[in-house]
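# Examining the three-dimensional arrangement
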Amino acid sequence: MDALEDKDVGRPQTSQEDPEKEALKKQLAEAQKELCVARESMHVRRVLDMYEAKRARDAEACAKKKQK
């Protein structure tokens, strides 16, 4: 008899909030933040390495100059 009753047209209402989906969204946001921090850290490391290499070359050039 339930199947013969009039019902609303369209899809049945579902809960708008899916806890698993929300948890995955939070995990994704956190992973994106961590990726951004990692990329910035790598950039800073490259800049520091280039600076250190330049200081070493400058020190070497200065030492050669003093020997002459």
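Parameters and conventions
- Residues numbered from 1 in each chain as written.
- Predicted model: local features only at pLDDT ≥ 70, side-chain atom pairs only at ≥ 80, totals over all residues.
- Heavy atoms only, no water.
- Helix = DSSP H or I, 4+ residues; strand = E, 2+ residues; numbered from the N terminus.
- Rg over C-alpha atoms; globule rule 2.2 N^0.38 Å.
- Buried < 20%, exposed > 50% of the residue type's maximum accessible area, 1.4 Å probe, protein only.
- Areas by Shrake-Rupley, 256 points an atom, 1.4 Å probe, with all protein chains shown as cover.
- Lys, Arg positive; Asp, Glu negative; His and termini not counted.
- Charge placed at Lys NZ, Arg CZ, Asp CG, Glu CD.
- Salt bridge = Lys/Arg side-chain N within 4 Å of Asp/Glu carboxyl O.

### Concerning the overall build of the chain
Along the backbone of the chain there are one helix and zero strands. The C-alpha radius of gyration of the chain comes to 31 Å, more than 25% above the 11 Å expected for a compact globule of 68 residues. Taking the principal axes of the C-alpha coordinates as reference, the chain spans close to 105 × 15 × 10 Å. Put simply, the chain has 68 residues, and 0% of those count as buried. With an accessible surface of roughly 7300 Å², the chain has 55% of that area assigned to carbon and sulfur atoms. Of the charged side chains in the chain, 16 are positive and 15 negative; the average position of the first set lies 21 Å away from that of the second.

### Looking at the environment of R46
Take R46: it is sitting in helix α1 (residues 19-67). Each C-alpha atom of the pair R46 and V9 lies 61 Å from the other, and the pair is 37 residues apart in sequence.

### Quick notes on the pattern of salt bridges
In the structure shown here, the tally under the stated rule is four salt bridges. Note that D49 is salt-bridged to R45, the shortest N-O span being 3.2 Å. Placement of both D49 and R45 in helix α1 is noted, with a separation of four residues, approximately one turn of the helix. Its relative accessible area of 41% is what places D49 among the partly exposed residues. Relative accessible area serves as the criterion here: at 47%, R45 is assigned to the partly exposed category.

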